[in-house]
Amino acid sequence: MAKDVHWAESSIKILRELEIGGESMGPICTDEAYLNEPIDPLEWQTWVRQALITRQGTEWVNNEEAAYWIDVYTIASHEGARSLVSRGFCVAGLMKIGNMLGFVSSGGGQFVHLPRFSDWETLQEQGFDGAWELMLEAGIVNGYPDGTLRPKAPLTRAEAACLLATWLDVYRVTLST
(Lines give C-alpha, C1' and ligand atoms only; values in the text may rest on other atoms or scores of the structure.)
Protein backbone atom coordinates (compact mmCIF):
# COMPACT_ATOMS: atom_id res chain seq x y z
CA MET A 1 0.00 0.00 0.00
CA ALA A 2 1.41 3.40 -0.99
CA LYS A 3 2.01 5.91 1.72
CA ASP A 4 0.05 9.16 1.49
CA VAL A 5 2.12 12.16 0.55
CA HIS A 6 1.93 15.05 3.00
CA TRP A 7 0.63 18.28 1.45
CA ALA A 8 3.87 20.09 2.37
CA GLU A 9 6.24 17.45 0.99
CA SER A 10 7.25 19.37 -2.16
CA SER A 11 8.14 22.45 -0.09
CA ILE A 12 10.08 20.30 2.36
CA LYS A 13 11.99 18.76 -0.53
CA ILE A 14 12.94 22.22 -1.80
CA LEU A 15 14.23 23.26 1.63
CA ARG A 16 16.15 20.00 2.02
CA GLU A 17 17.83 20.51 -1.37
CA LEU A 18 18.91 23.97 -0.21
CA GLU A 19 20.09 22.45 3.09
CA ILE A 20 17.64 24.53 5.08
CA GLY A 21 16.33 23.12 8.32
CA GLY A 22 19.28 20.89 9.10
CA GLU A 23 18.54 18.12 11.55
CA SER A 24 14.98 19.31 12.09
CA MET A 25 14.13 18.37 8.50
CA GLY A 26 15.18 14.75 9.07
CA PRO A 27 11.91 13.18 10.18
CA ILE A 28 9.74 15.87 8.68
CA CYS A 29 8.45 13.90 5.68
CA THR A 30 7.59 10.79 7.67
CA ASP A 31 6.16 12.18 10.88
CA GLU A 32 2.88 14.01 10.35
CA ALA A 33 2.52 14.82 14.05
CA TYR A 34 5.92 16.54 13.94
CA LEU A 35 4.89 18.52 10.85
CA ASN A 36 1.72 19.72 12.51
CA GLU A 37 3.50 20.98 15.63
CA PRO A 38 4.15 24.70 15.88
CA ILE A 39 7.63 25.78 14.88
CA ASP A 40 9.46 27.49 17.72
CA PRO A 41 10.89 30.97 17.17
CA LEU A 42 14.55 29.93 17.24
CA GLU A 43 13.92 27.16 14.72
CA TRP A 44 12.05 29.62 12.46
CA GLN A 45 14.88 32.13 12.78
CA THR A 46 17.41 29.42 11.85
CA TRP A 47 15.41 28.43 8.77
CA VAL A 48 15.14 32.05 7.61
CA ARG A 49 18.86 32.67 8.21
CA GLN A 50 19.76 29.52 6.27
CA ALA A 51 17.47 30.61 3.42
CA LEU A 52 19.13 34.01 3.31
CA ILE A 53 22.58 32.45 3.30
CA THR A 54 21.63 30.36 0.24
CA ARG A 55 20.43 33.49 -1.57
CA GLN A 56 22.57 36.31 -0.16
CA GLY A 57 25.65 34.62 1.27
CA THR A 58 27.06 34.69 4.76
CA GLU A 59 28.45 38.21 4.42
CA TRP A 60 24.95 39.66 4.16
CA VAL A 61 23.56 37.62 7.05
CA ASN A 62 26.60 38.39 9.21
CA ASN A 63 26.37 42.11 8.51
CA GLU A 64 25.54 43.66 11.88
CA GLU A 65 22.65 45.79 10.65
CA ALA A 66 21.11 43.04 8.49
CA ALA A 67 21.49 40.51 11.31
CA TYR A 68 19.70 42.88 13.68
CA TRP A 69 16.69 43.19 11.35
CA ILE A 70 16.59 39.46 10.64
CA ASP A 71 16.39 38.91 14.40
CA VAL A 72 13.68 41.54 14.83
CA TYR A 73 11.60 40.17 11.96
CA THR A 74 11.87 36.50 12.95
CA ILE A 75 11.42 36.53 16.73
CA ALA A 76 8.83 38.70 18.38
CA SER A 77 10.74 40.01 21.39
CA HIS A 78 7.51 40.73 23.25
CA GLU A 79 6.58 37.05 22.97
CA GLY A 80 9.97 35.66 23.98
CA ALA A 81 12.25 33.18 22.28
CA ARG A 82 10.56 30.17 23.87
CA SER A 83 7.04 31.08 22.83
CA LEU A 84 5.34 30.16 19.57
CA VAL A 85 5.41 32.43 16.56
CA SER A 86 2.14 33.33 14.93
CA ARG A 87 1.34 33.06 11.26
CA GLY A 88 0.68 36.80 11.25
CA PHE A 89 4.10 37.67 12.63
CA CYS A 90 6.01 35.27 10.36
CA VAL A 91 4.33 36.48 7.18
CA ALA A 92 4.82 40.14 8.13
CA GLY A 93 8.47 39.48 8.99
CA LEU A 94 9.19 37.78 5.67
CA MET A 95 7.54 40.70 3.86
CA LYS A 96 9.84 43.14 5.65
CA ILE A 97 12.95 41.06 4.90
CA GLY A 98 11.79 40.71 1.29
CA ASN A 99 11.38 44.47 1.18
CA MET A 100 14.92 44.94 2.51
CA LEU A 101 16.14 42.70 -0.32
CA GLY A 102 14.03 44.54 -2.87
CA PHE A 103 11.75 41.77 -4.08
CA VAL A 104 8.59 42.50 -2.08
CA SER A 105 7.27 45.99 -2.62
CA SER A 106 6.47 48.26 0.28
CA GLY A 107 3.70 49.99 -1.60
CA GLY A 108 0.64 50.96 0.28
CA GLY A 109 -2.66 51.11 -1.38
CA GLN A 110 -6.09 49.71 -1.17
CA PHE A 111 -6.75 46.36 0.38
CA VAL A 112 -7.82 44.23 -2.54
CA HIS A 113 -6.96 40.74 -1.30
CA LEU A 114 -7.50 40.92 2.46
CA PRO A 115 -11.25 41.63 2.49
CA ARG A 116 -11.88 38.19 0.95
CA PHE A 117 -11.00 36.65 4.31
CA SER A 118 -13.41 36.71 7.22
CA ASP A 119 -10.73 37.31 9.87
CA TRP A 120 -8.66 39.96 8.14
CA GLU A 121 -9.50 42.62 10.74
CA THR A 122 -7.33 40.66 13.17
CA LEU A 123 -4.38 41.67 11.01
CA GLN A 124 -5.38 45.32 11.35
CA GLU A 125 -5.40 44.95 15.14
CA GLN A 126 -1.89 43.50 15.02
CA GLY A 127 -0.61 46.06 12.52
CA PHE A 128 0.17 43.35 9.95
CA ASP A 129 -2.53 44.16 7.40
CA GLY A 130 -0.29 46.03 4.94
CA ALA A 131 2.36 43.33 5.02
CA TRP A 132 -0.19 40.57 4.47
CA GLU A 133 -1.80 42.44 1.59
CA LEU A 134 1.59 42.65 -0.13
CA MET A 135 2.36 38.98 0.51
CA LEU A 136 -1.07 37.96 -0.82
CA GLU A 137 -0.50 40.15 -3.88
CA ALA A 138 2.91 38.55 -4.47
CA GLY A 139 1.37 35.08 -4.22
CA ILE A 140 3.61 34.13 -1.30
CA VAL A 141 0.79 33.45 1.14
CA ASN A 142 -2.82 32.45 0.84
CA GLY A 143 -5.69 31.61 3.11
CA TYR A 144 -7.43 28.46 4.15
CA PRO A 145 -10.30 26.86 2.20
CA ASP A 146 -12.74 28.08 4.86
CA GLY A 147 -11.99 31.72 3.93
CA THR A 148 -9.77 32.54 6.92
CA LEU A 149 -6.14 33.57 7.35
CA ARG A 150 -5.75 32.56 11.00
CA PRO A 151 -3.03 35.15 11.72
CA LYS A 152 -3.00 34.50 15.48
CA ALA A 153 -2.55 30.75 15.05
CA PRO A 154 0.90 29.29 15.65
CA LEU A 155 2.83 28.60 12.46
CA THR A 156 3.31 24.85 12.05
CA ARG A 157 6.49 23.34 10.61
CA ALA A 158 4.59 22.27 7.50
CA GLU A 159 3.22 25.80 7.01
CA ALA A 160 6.68 27.23 7.70
CA ALA A 161 8.20 25.00 5.02
CA CYS A 162 5.55 26.06 2.46
CA LEU A 163 5.81 29.74 3.36
CA LEU A 164 9.59 29.82 3.18
CA ALA A 165 9.81 27.73 -0.02
CA THR A 166 7.27 29.98 -1.77
CA TRP A 167 9.05 33.12 -0.52
CA LEU A 168 12.36 31.78 -1.88
CA ASP A 169 10.74 30.93 -5.22
CA VAL A 170 9.35 34.45 -5.60
CA TYR A 171 12.79 35.78 -4.67
CA ARG A 172 14.48 33.56 -7.28
CA VAL A 173 12.01 34.55 -10.01
CA THR A 174 12.37 38.25 -9.16
CA LEU A 175 16.16 38.06 -9.33
CA SER A 176 16.07 36.34 -12.71
CA THR A 177 13.88 39.00 -14.35
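Up top is the structure.
Asker: Looking at this structure, how should I read the overall build of the protein chain?
Answerer: Looking only at helices and strands, the protein chain has nine helices and zero strands in total. In the protein chain, the succession of helices and strands from N to C terminus is α-α-α-α-α-α-α-α-α. Within the protein chain, the fraction of its 177 residues that count as buried is 47%. Element-wise, carbon and sulfur atoms account for 51% of the exposed surface of the protein chain, whose accessible area totals about 9200 Å².

Asker: Honestly, the nonpolar core in this entry has me stumped. Any pointers?
Answerer: Where a protein is soluble and globular, its nonpolar side chains tend to be buried together. If you look at the biggest cluster of nonpolar residues, it comprises 53 residues, and the most contacted ones within it are W44, L52, M135, L164 and W167. Looking at this core, the elements that each hand over two or more residues are α1 (9–17), α3 (41–56), α4 (58–62), α5 (64–74), α6 (87–101), α8 (129–138) and α9 (157–176). By residue number, the principal contributor to this core is α9, which donates 11 residues.

Asker: Just to check I follow, could you spell out the environment of L42 for this structure?
Answerer: Mapping L42 onto the fold places it in helix α3. Residue L42 is classed as partly exposed on the basis of its relative accessible area, which comes to 43%.

Asker: Help me understand the packing of aromatic side chains, please; the structure alone is not making it clear to me.
Answerer: Note on aromatic pairs: each is described by the distance of the centres and the angle between the planes. In this structure the tally under the stated criterion is seven aromatic pairs. An angle of 65° between the planes, with centres 6.3 Å apart, marks the rings of F89 and F128 as edge-to-face. With F89 in helix α6 and F128 in the loop between α7 (121–126) and α8, the pair connects residues that are 39 residues apart, well separated along the chain. Given a relative accessible area of 14%, F128 falls into the buried group. Lying over the aromatic face of Y144, R150 brings its terminal NZ or CZ to 3.6 Å of the ring centre.

Asker: Mind showing me how you'd approach the environment of A67 here?
Answerer: Within the secondary structure layout, A67 lies in helix α5. Residue A67 is classed as buried on the basis of its relative accessible area, which comes to 15%. Along the chain, A67 and R49 lie 18 residues apart, while their C-alpha atoms are 8.8 Å from each other. Setting aside chain neighbours within four positions, we find A67 in contact with R49 and V61.

Rules and cut-offs
Residues numbered from 1 in each chain as written. Predicted model: local features only at pLDDT ≥ 70, side-chain atom pairs only at ≥ 80, totals over all residues. Heavy atoms only, no water. Helix = DSSP H or I, 4+ residues; strand = E, 2+ residues; numbered from the N terminus. Buried < 20%, exposed > 50% of the residue type's maximum accessible area, 1.4 Å probe, protein only. Areas by Shrake-Rupley, 256 points an atom, 1.4 Å probe, with all protein chains shown as cover. Core = buried A, V, L, I, M, F, W, Y, C linked by side-chain atoms within 4.5 Å. Phe/Tyr/Trp six-rings, centres within 6.5 Å; stacked < 30°, edge-to-face > 60°. Lys NZ or Arg CZ within 6 Å of the ring centre and 35° of its normal. Contact = heavy atoms within 4.5 Å.

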